[in-house]
Amino acid sequence: MDIGKLSVETQNQMNELFSSILLEHQKVNKIKHSKEEDFSSMEDAIKSYEKNKGRESFFPYLSSGYGHGPFTQLIDGSVKYDLIGAMGPNLLGHSHPLYIKSHLEAATSDVMTCGNLLNYKEPLRLTEEILESVKNSRLKHFWFAGSGSFANDSALKMIWQKKAPKYKVIAFNQAFAGRSIATQDITFNPKYRENMPKTLEVCHVPHFDQKNPQSSLKRTLDALEAIWKKESESICAITIELIQGEAGFVYGTKHFYKEVFKWAKEKNLYIWVDEVQTFGRTREMFAFQMFELDEYVDIVTVGKALQVCGTLYSEELNPSPGLIAGTFNGALATIIAGQKIVNYLRKGPFYGENGRIHQIENAFLSSLKKLSETTCKGKIKYYGGIGTMISFEVGDSDKPSTINFIKKLYQNGIISFIAGDKPTRVRFLLPLSLTDEHIKEIFAIVEKTTLDLF
Ligand SMILES: Cc1ncc(COP(=O)(O)O)c(C=O)c1O
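As a starting point, this report considers the structure included with it. Because the structure is predicted, anything quoted here is derived from the model rather than measured. Residue positions are given per chain, counted from 1 along the sequence in the order it is written. Selection of residues for local features in this predicted model requires a pLDDT of at least 70, selection of side-chain atom pairs for listing and counting requires 80 or more, and totals for whole chains, interfaces and linings are taken over all residues. Calculated side-chain values reflect all of the structure's heavy atoms, with hydrogen atoms and water omitted.

1. Brief notes about the overall build of the protein chain
Alright, step 1. Helix and strand content of the protein chain: 13 helices and 19 strands.
Alright, step 2. Here the radius of gyration uses the C-alpha set of atoms, whereas the globule reference equals 2.2 Å times the residue count to the power 0.38. Since a compact globule built from 454 residues should have a radius of gyration of about 22 Å, the 23 Å found for the protein chain is in line with a globular shape.
Alright, step 3. Each of the three principal axes of the protein chain carries a C-alpha extent, and together these read 70 × 65 × 45 Å.
Alright, step 4. Note on classification: 1.4 Å probe, protein chains only; a residue is buried when its accessible area is under 20% of the maximum for its type, exposed when over 50%, partly exposed between these limits. The buried share among the 454 residues of the protein chain stands at 53%.
Alright, step 5. Within the protein chain, contacts between residues at least 6 apart in sequence are counted, and of these 73% link residues at least 24 apart.
Alright, step 6. Accessible surface, the protein chain: about 21200 Å² in total, of which carbon and sulfur atoms supply 53%.
Alright, step 7. The charge count includes Lys and Arg as positive and Asp and Glu as negative, but it does not include His or the ends of the chains. To locate a charge, take atom NZ for lysine, CZ for arginine, CG for aspartate or CD for glutamate. Across the protein chain, 55 positive and 53 negative side-chain charges occur, with their mean positions spaced 3 Å apart. Helix and strand assignments follow DSSP, with helices taken as H or I runs no shorter than four residues and strands as E runs no shorter than two, numbered in order from the N terminus. Only heavy atoms enter the contact rule, under which two residues are in contact if any of them lie within 4.5 Å. Note on areas: these come from Shrake-Rupley sampling with a 1.4 Å probe, and a residue is covered only by the protein chains present in the view.

Here it is in structure tokens:
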């Protein structure tokens, strides 16, 4: 046996298994509604899970473990369009060949997970691939984390170590950085940290205002200056989501970001970009690349669509060894998938002005425009977003009626989620596996649901 290589016989068996798994999943290829009795027995199973978790589920959803492309099958036999992708991770679509392949390759390994003490070649390959994809920036290292929140915690610690005793951070209104003990203070919504002590001092400033683009930059720079006057001795960094997910996909312009980042650099602050939700999903692989900010970023966090989470950072921010460590890099299947995903995204037809992601964005925005100007006039008043992150507002854009809409849309065969508070938006995190025919069907359902409810 060659070292690290499977025998030809095992490889052949794996190839056969790969084909048969893919063929089985491919049967899940259109919307299907369930029978009443099948739905009831699924509801019973969901109730048991709710009891275990101590909280109700937002949707009556229990996956059968089968799905293909944009379609997911539930244990009641129903099939829906999954346009939220597990809150972002499922960028390629259900049962993507690279996911199946990654599982099979991981199954041939001698371990389930790998970590920082004993190196494996799979995390080596992933770090090579992802660092190659940011080679025009100063990001030179990657460290694995167990979640997006933990990747952000690592970023914060690396910054703190270089800037001690300056520990305050500038963040943006409506930000979401996670729910760890540190990131919950960057996260803007106070409901997410009820009764929590403050562990991190954060100064929030306004993000880009899409309704007032002309005055946005001045408003943000004025707020930054006001903070700087009081806090210049205690601030270490500015952290930002270039496209704010929880806020319903709020984003600025190249000019806005460049000016804000120039301001931060003049003040000698580190620039920390949170790409946990945006990684893979914009018109370039990273949102900072789409906005041409390569020269500014010092530290960038990723997660979700990569299948593993981590922190990319400059030479200067490389911490002393004791600061950042941990048992796991992650599960082998997800690490193998992470490398394959970055490679596939880099080499495939996805990015740039004519890439598939821009085409999907255009198809969704033009369909929403059409509805808002014709049959759903006055009922869909806002639509927006970028890349595979699309949002729109229905009715009066309030939370209760948007939740009601999302639940009705779910019954009609489409899974979405909410974003934002005032206004509340319907949020899609779209898979790349959508075809133009799927998009047509999706908008027939969005139209029907809007007209039924408003
Ligand atoms: C921008 C952003 N940062 C951080 C996180 C936290 O990631 P995780 O849920 O993996 O901890 C999220 C999760 O939604 C996010 O959207």
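2. Topic: the side chain of S137
Alright, step 1. Along the polypeptide, S137 turns up in the loop between α4 (121-132) and β5 (139-145).
Alright, step 2. A relative accessible area of 6% means that S137 is categorised as buried.
Alright, step 3. From its side chain, S137 meets the backbone oxygen of V134 in a polar contact 2.7 Å long.
Alright, step 4. Residue contacts for S137: discarding those within four places in its chain leaves F288, D294 and V297. Whenever two N or O atoms come within 3.5 Å, that pair is a polar contact, provided that in protein one can donate a hydrogen and the other can accept it, and provided that, for residues adjacent in sequence, both atoms are side-chain atoms.

3. What to know about the pairing of strand β8 (residues 235-240)
Alright, step 1. Burial analysis of β8 places 6 of its 6 residues in the buried class, the great majority of the element.
Alright, step 2. In terms of strand pairing, strand β6 (residues 168-172) meets β8 through 3 bridges, oriented parallel. Each bridged residue has a counterpart across the sheet, and for I170 the counterpart in β8 is I238. Pairs of strands are assigned from DSSP output, requiring at least two bridges between the strands.

4. Describing the site of the ligand
Alright, step 1. One heavy atom within 4 Å of a molecule or strand is enough for the residue carrying it to be called near that molecule or strand. Taken together, the neighbourhood of the ligand is formed by S147, G148, S149, N152, F176, A177, G178, E241, D274, V276, Q277 and K304.
Alright, step 2. Residue S149 places a side-chain N or O atom 2.6 Å away from an oxygen atom belonging to the ligand.
Alright, step 3. One nitrogen or oxygen atom from the side chain of K304 is found 2.9 Å from an oxygen atom belonging to the ligand.
Alright, step 4. Calculation on the ligand without its partners gives an accessible area of 390 Å², and the protein chains cover 80% of this total.
Alright, step 5. When residues of the shell around the ligand are assigned to their parent elements, the largest contribution, 3 residues, is made by helix α5 (residues 148-163).
Alright, step 6. By residue class, the composition of the shell around the ligand is 3 nonpolar, 6 polar and 3 charged. Throughout this entry, Asp, Glu, Lys and Arg are counted as charged residues, while Ala, Val, Leu, Ile, Met, Phe, Trp, Tyr, Cys and Pro are counted as nonpolar. The remaining residues, Gly among them, count as polar.

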